[in-house]
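# Report on the structure
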Amino acid sequence: EKYMKEAKEKNRESWFLAYIMDTSEEEKAKGKTVEVGRAAFQTPNRRFTVLDAPGHKSYVPNMISGASQADVGVLIISARKGEFETGFERGGQTREHALLAKTLGVDKLILAINKMDDP
């Protein structure tokens, strides 16, 4: 509820889940992850650390910093027409992030598709 309220106050209601990991005012104002966010939880048998690394091309060094610490990666891919195709072209962000993750030792990469309801 705290994140929903804050996002609503900033006229960014659909971004409320991003506010969980994007804690700086710069990130909230831009609507982009800039720094690597960290959260941890554990089960009786395992400890987990979630790293939220930026995907924007301006912050690739920060993405590398996050990916270099990962055992498993989740790559969020936009399904919007044009964005999806551009991401896989030579020099596209999706393609670059997948290659960087593999190069940094991330052997398991989960692909999640968002914005599927956008025309």
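Before reading further, recall that the structure is shown in the block above.
Now for a quick tour of the structure. It should be emphasised that the depicted structure is a prediction, and the values quoted were computed from it without experimental measurement.

## Some points on the pattern of salt bridges
- All told, the structure shown has 3 salt bridges when counted by the stated rule.
- One salt bridge connects Glu-83 with Arg-80, and the closest N-O pair in it is separated by 3.3 Å.
- Under the relative-accessibility criterion, Glu-83 is labelled partly exposed at 36%.
- Two residues, Lys-102 and Asp-107, come together in a salt bridge whose shortest N-O distance is 3.8 Å. The same class applies to Lys-102 and to Asp-107, which are both exposed.

## Section: the environment of Asp-118
- With respect to the secondary-structure elements, Asp-118 resides in the segment after strand 4 (108–114).
- The spatial distance from the C-alpha of Asp-118 to the C-alpha of Asn-11 is 19 Å, given a sequence separation of 107 residues.

## Digging into the packing of aromatic side chains
- Scanning the model with the defined rule gives 2 aromatic pairs in all.
- For the pair Phe-41 and Phe-48, a centre-to-centre distance of 5.0 Å together with 15 degrees between the ring planes defines the contact as stacked.
- For Phe-41, a relative accessible area of 46% corresponds to the partly exposed category.
- On the basis of relative accessible area, Phe-48 is assigned to the partly exposed category, the value being 34%.

## Things to note about the side chain of His-97
- Relative to the assigned elements, His-97 resides in helix 6 (residues 93–103).
- Taking the relative accessible area as the measure of exposure, His-97 reaches 7% and is therefore buried.
- Within polar-contact distance, the side chain of His-97 engages the backbone oxygen of Gly-55 at 2.8 Å.
- Not counting chain neighbours up to four residues away, the residues in contact with His-97 comprise Pro-54, Gly-55, Val-60, Met-63 and Leu-75.

## So, unusual backbone geometry
- We note that Lys-115 has phi near 65 degrees; this positive angle belongs to a residue other than glycine.
- With respect to the helices, strands and loops of the structure, Lys-115 is situated in the segment after strand 4.
- A relative accessible area of 31% places Lys-115 in the partly exposed class.

## Brief notes about the packing of helix 4 (residues 60–67) against helix 6
- The contact between helix 4 and helix 6 brings their axes to 10 Å, and the two run at 35 degrees. As for the relative orientation of helix 4 and helix 6, their crossing is right-handed in sense. On helix 6, the residues touching Val-60, Met-63 and Ile-64 of helix 4 are Gln-93, Glu-96, His-97, Leu-100 and Ala-101.
- When its residues are assigned to classes, the contact of helix 4 with helix 6 shows 5 nonpolar, 2 polar and 1 charged.

Reading the values: rules and limits
Residues numbered from 1 in each chain as written. Predicted model: local features only at pLDDT ≥ 70, side-chain atom pairs only at ≥ 80, totals over all residues. Heavy atoms only, no water. Salt bridge = Lys/Arg side-chain N within 4 Å of Asp/Glu carboxyl O. Buried < 20%, exposed > 50% of the residue type's maximum accessible area, 1.4 Å probe, protein only. Helix = DSSP H or I, 4+ residues; strand = E, 2+ residues; numbered from the N terminus. Phe/Tyr/Trp six-rings, centres within 6.5 Å; stacked < 30°, edge-to-face > 60°. Polar contact = N/O pair within 3.5 Å; in protein donor to acceptor, adjacent residues only side chain to side chain. Contact = heavy atoms within 4.5 Å. Axes fitted to C-alpha atoms, helices over the stretch in contact; angles between N-to-C directions. Left-handed = near helix turned anticlockwise from the far one by under 90°. Nonpolar A, V, L, I, M, F, W, Y, C, P; charged D, E, K, R; others polar.

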